[in-house]
Amino acid sequence: MKTSLPTQRLFNADDEPPVLIVVDMQLEFKASRDPQTQEAVATEIQGAIARQEAIIFLEYKDSKSATYRNLLALVEGYKFFTTREKANDGGADEVFEACMDEGYWPENFRVCGVNADGCIFKTVVGLRAKLRNSRIEVLRAACHTDSGYANWPNKFASIKNVAVV
């Protein structure tokens, strides 16, 4: 049996703290309804808060629903979070704008939510194009997709400074 090596993390204690990006955790997206995904995303949000890291929630602009209330409740009273609406699958422009508006350092990102092979992928590709020196960790346990594409992490393999962890 072939064993895989653990994925190397991109960040260490000397780096600027990453910004957590939570993508499309809205009821209308089937993948967001998965209880394990919801729990994993909540855990990532709680960890970011404990480390005093910034959090950006991305939401589809014309969606029928907002980010799940239980996830937004986690950041109630937390000063380093914002929500941005995006008009298409990729949310890189909105993330960059949020970083500039809120004073977050746009160098290191951690990404979770749905759909891993759609909106998350397009957001990551857009961020790498816009911010060439950025490093991005895609949080495998806190990402999901409803496309049935089980090998979605492979889509990220050839993107420089991006790791699925």
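Residue numbers here run from 1 along each chain, matching the order of that chain's written sequence. A pLDDT threshold of at least 70 governs which residues receive local features in this predicted model, and a stricter bar of 80 or more applies before side-chain atom pairs are shown or counted, although totals over entire chains, interfaces and linings include all residues. Note that the side-chain values use all heavy atoms of the structure and ignore hydrogens as well as water.

### Concerning the pattern of salt bridges
- We count a salt bridge whenever a side-chain nitrogen from Lys or Arg sits within 4 Å of a carboxyl oxygen from Asp or Glu. Taken as a whole and assessed by the stated rule, the structure comprises 8 salt bridges.
- One salt bridge in this structure joins Arg-110 and Glu-44, with 2.9 Å as the shortest N-O distance. Of this pair, Arg-110 sits in strand β4 (residues 108-114) while Glu-44 sits in helix α1 (residues 35-50), and the two are 66 residues apart along the sequence. Pair check on accessibility: Arg-110 and Glu-44 agree, each one buried.
- One salt bridge connects Lys-130 with Asp-93, and the closest N-O pair in it is separated by 3.3 Å. One end of the pair, Lys-130, is in helix α4 (residues 116-130); the other, Asp-93, is in helix α3 (residues 92-102), with 37 residues separating them in the sequence.
- Residue class for Lys-130 comes out partly exposed when judged on its relative accessible area of 38%. Strands are runs of DSSP state E lasting at least two residues, helices are runs of H or I lasting at least four, and both sets are numbered from the N terminus onward. Only protein chains enter the accessibility calculation, which uses a 1.4 Å probe; a residue is then buried when its area is under 20% of its type maximum, exposed when over 50%, and partly exposed in between.

### So, the packing of aromatic side chains
- The rule is short: rings of Phe, Tyr and Trp, with Trp giving its six-membered ring, pair when the centres are within 6.5 Å, and they are stacked under 30 degrees, edge-to-face over 60, tilted in between. Inspection of every chain in the model, using the stated rule, returns 5 aromatic pairs.
- Ring geometry for Phe-29 and Tyr-60: centres 5.8 Å apart, planes at 40 degrees, overall tilted. With Phe-29 in the loop between β1 (19-23) and α1 and Tyr-60 in strand β2 (residues 55-60), this residue pair connects regions lying 31 residues apart in the sequence.
- Overall, Phe-29 belongs to the buried group, its relative accessible area being 16%.
- Between Phe-121 and Phe-156, the ring centres sit 5.3 Å apart and the planes meet at 75 degrees, which makes this aromatic pair edge-to-face. In this pair, Phe-121 is assigned in helix α4 and Phe-156 in the loop between β5 (135-144) and β6 (162-164), connecting sequence segments 35 residues apart. Phe-156 shares its class with Phe-121; the two are buried.
- Directly above the aromatic system of Phe-121 lies the positively charged group of Lys-155, at a separation of 4.2 Å from the ring centroid. Here, a charge over a ring is recorded when the distance from Lys NZ or Arg CZ to the ring centre is within 6 Å and its angle to the ring normal is within 35 degrees.

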